[in-house]
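Here is how the chains run, residue by residue.
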Amino acid sequence: MPPGSLARHLVLRLLPAIIVLVLLDLGATWVMTRKMTMEEWLLRDIFWTMVFSQIILVSVFAWVLLSGVRSGLASVNRLSQEISQRSIDDLQVLDTTGLPAEVAPMVNHVNDLLLRLDESMQAQKRFIGHAAHQLRTPLAGLKLESELMLTRQLPDDVRERAERIKAVTDRMIRLGQQLLVLARADSTIRPQDSFVRIDLCEWVRTSGAEWIPAARARLVDIQLVAPDEPVWVDADTLLLEELLSNLIDNALRYGAGANSITLRVAANPPTLTVEDDGPGIDPQDGNRVFEAFYRSERASAGGSGLGLAIVREIARAHGGWWNLASRPTFPGTRITVVFPGPRIGAKLRRQVSQ
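In this text the structure is predicted, and so the values were computed from the model without any measurement.

This part takes up helix H6 (residues 200–209). All of the buried residues in H6 are Leu 200, Cys 201, Trp 203, Val 204, Ser 207 and Gly 208. When H6 is viewed along its axis, its buried side chains cluster within an angular range of 165 degrees and face the same direction. Of the residues flanking the start of H6, the one acting as N-cap is Asp 199, its side-chain oxygen 3.1 Å from the backbone nitrogen of Cys 201.

Right, here's the structure in full:
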């Protein structure tokens with residue numbers, strides 16, 4: 001039996017106890033057969049004594065066996081608990097320390113698979129980021145050409161086609177920007193290294209004000225509810241800008257009939273909430289709206305399905321978690337992002353709460 005194997009562990013753990021139990025059984029049998037006379041003990045008494053002794057022997061042996069197996073599988077249970085607590089994007093190798101020799105080769109093969117899967121995912125994300133970056137220049141040129149065409153006198157049918165080209169180009173540019181943000185927000189490339197400490201209240205007040213003209217054009221008011229004291233967080237301001245922009249744009253785009261959007265900041269823990277009084281999100285869509293490219297069949301406006309996926313990735317990159325509340329529990333839609341507080345460089349992982 002090789003060192004570190006489960007069989008070797010069980011033998012070393014159980015063999016001494018089994019030897020002691022056998023010696024005790026033999027000793028008891030020898031006493032009963034050699035030291036006792038039939039005048040002192042009846043045959044029935046001997047029978048029941050041996051039955052009770054065997055029951056005790058089997059019970060003790062079963063306890064020793066179960067404790068030995070449990071201790072031998074403790075490292076396997078630890079590995080199982082580690083896997084169950086991992087987030088879906090954690091592809092780091094599993095710790096093989098203390099694993100039985102029979103299980104370690106399988107875990108090593110799983111680790112090799114995780115490494116190859118992680119490399120494949122990183123290559124895919126790099127490709128998406130590079131492709132989006134390379135497409136940005138020709139798309140910007142196409143948009144400029146369409147805008148120049150629209151400044152001239154054109155036949156109605158040509159103008160209609162130029163406007164369609166410009167609208168499609170705008171959507172493609174927006175999609176490329178969102179894909180670049182997704183690549184930048186990837187937690188495996190440590191965006192935490194560029195974190196700076198900011199006052200969340202002042203930052204939301206400044207960034208949210210930039211959306212006031214767009215909201216007024218849709219007859220929607222934007223309100224800010226925040227404490228007077230600073231709420232400090234460590235964040236990448238570019239990613240945070242994209243997070244807030246996607247939340248407000250989502251509320252304007254899909255909150256048909258909404259009259260107001262509320263930006264709410266809380267201090268303990270640091271929390272950013274965007275609320276609207278629109279029609280809300282159906283319960284069957286609530287668990288999927290944070291998936292990339294998912295679009296509900298009941299969506300009232302066009303889009304790429306990346307807005308809330310970007311919110312999820314940015315929150316995850318900041319070590320935070322997010323929550324969605326909608327009808328009937330909330331009269332509209334409320335999306336909350338909770339930050340872990342000022343811990344520059346901390347690479348935290350939180351479970352999603354929806």
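Past the structure itself, the notes keep going.
In terms of nonpolar packing, the biggest core is built from 41 residues, with Leu 200, Ile 261, Leu 263 and Leu 272 touching the most fellow members. Breaking this core down by element, the ones donating at least two residues are H6, strand E3 (232–235), helix H8 (237–254), strand E4 (260–266), strand E5 (271–276), helix H10 (307–317), strand E6 (321–326) and strand E7 (333–338). Leave out the neighbours within four places in its chain, and Leu 263 touches Val 204, Gly 208, Ile 222, Gln 223, Leu 224, Val 225, Leu 244, Ile 248, Thr 273 and Val 274. Residues Leu 79, Leu 94, Leu 99 and Val 107 belong to the second largest nonpolar core, which totals six residues.

The subject of this paragraph is the pattern of salt bridges. Taken as a whole and assessed by the stated rule, the structure comprises nine salt bridges. For Arg 197, the salt bridge identified is with Asp 234, shortest N-O distance 3.0 Å. With Arg 197 in strand E1 (residues 196–199) and Asp 234 in strand E3, this pair connects stretches of sequence that are 37 residues apart. With a shortest N-O distance of 2.8 Å, Glu 202 and Arg 205 are connected by a salt bridge. Taken together, the residues span about one helical turn, with Glu 202 and Arg 205 both in helix H6 at a distance of three residues. Relative accessible area serves as the criterion here: at 40%, Glu 202 is assigned to the partly exposed category. Put simply, Arg 312, Glu 313 and Arg 316 are held in one network by salt bridges that share partners.

So, on to a nonpolar patch on the surface. Where nonpolar side chains cluster on the molecular surface, the patch consists of Leu 15, Ile 19, Val 22, Leu 23 and Leu 26 and spans about 470 Å² of accessible area. Along the chain, Leu 23 turns up in helix H1 (residues 6–35). Looking at Leu 23, the relative accessible area reads 55%, which means it is exposed.

The next point concerns the packing of H8 against H10. Viewed as axis vectors pointing N to C, H8 and H10 meet at an angle of 145 degrees, and their least axial separation amounts to 9 Å. The chirality of how H8 crosses H10 is left-handed. Within the contact between the two elements, H8 uses Leu 239, Glu 242, Leu 243, Asn 246, Leu 247 and Asn 250 and H10 uses Gly 307, Leu 308, Ile 310, Val 311, Ile 314 and Ala 315.

Two modes of strand pairing occur in sheets, parallel and antiparallel, and in both the strands are linked by backbone hydrogen bonds. Reading across the sheet, the five strands line up as E2-E4-E5-E7-E6 and stay open at both edges, with mixed pairing between neighbours. The open sheet terminates on both sides in strands that have one partner only, identified here as strand E2 (221–225) and E6. Across the sheet, the axes of successive neighbouring strands diverge by a mean angle of 15 degrees, strand direction being ignored. Where E2 meets E4, five bridges bridge the pair, whose relative direction is parallel. Paired with Gln 223 across the strands is Thr 262, a residue of E4.

So, about the packing of H6 against H8. Running from amino to carboxyl end, H6 crosses H8 at an angle of 55 degrees, the nearest separation of the two axes being 11 Å. Judged by the inter-axis angle, H6 sits oblique to H8. Crossing of H6 over H8 shows right-handed handedness. On the side of H6, the interface is formed by Leu 200, Trp 203, Ser 207 and Gly 208, while H8 contributes Thr 237, Leu 240, Glu 241, Leu 244 and Ile 248.

A cis amide bond links Asn 268 with the next residue in sequence, Pro 269, at an omega value of 0 degrees. Secondary-structure assignment places Pro 269 in the loop between E4 and E5. Backbone geometry places Leu 219, a non-glycine residue, at a positive phi of 60 degrees. In this structure, Leu 219 sits in the loop between helix H7 (212–217) and E2. Leu 219 gets classed as exposed once you look at its relative accessible area, which sits at 71%.

Here we take up the environment of Ser 75. Assignment of secondary structure puts Ser 75 in helix H3 (residues 74–84). Residue Ser 75 is classed as buried on the basis of its relative accessible area of 11%. Ser 75 sits 22 residues away from Thr 97 along the chain, and the two C-alpha atoms are 8.1 Å apart. For Ser 75, the residues in contact, after removing those within four places along its chain, are Gly 98, Leu 99 and Pro 100.

Now for the environment of Thr 262. Tracing the chain through its elements places Thr 262 in strand E4. The sequence separation of Thr 262 and Ile 222 amounts to 40 residues, and the corresponding C-alpha distance is 5.8 Å. Filtering out sequence-adjacent residues up to four positions away, Thr 262 remains in contact with Gln 223, Val 225, Thr 273, Val 274 and Glu 275.

Cut-offs applied
Residues numbered from 1 in each chain as written. Predicted model: local features only at pLDDT ≥ 70, side-chain atom pairs only at ≥ 80, totals over all residues. Heavy atoms only, no water. Buried < 20%, exposed > 50% of the residue type's maximum accessible area, 1.4 Å probe, protein only. Helix = DSSP H or I, 4+ residues; strand = E, 2+ residues; numbered from the N terminus. Arc of directions from axis to C-beta. Polar contact = N/O pair within 3.5 Å; in protein donor to acceptor, adjacent residues only side chain to side chain. Core = buried A, V, L, I, M, F, W, Y, C linked by side-chain atoms within 4.5 Å. Contact = heavy atoms within 4.5 Å. Salt bridge = Lys/Arg side-chain N within 4 Å of Asp/Glu carboxyl O. Patch = residues over 30% accessible without salt bridge, like charges linked within 9 Å, V, L, I, M, F, W, Y side chains within 5 Å. Areas by Shrake-Rupley, 256 points an atom, 1.4 Å probe, with all protein chains shown as cover. Axes fitted to C-alpha atoms, helices over the stretch in contact; angles between N-to-C directions. Left-handed = near helix turned anticlockwise from the far one by under 90°. Pairing = 2+ DSSP bridges. Parallel < 35°, antiparallel > 145°, perpendicular 65-115°, else oblique.

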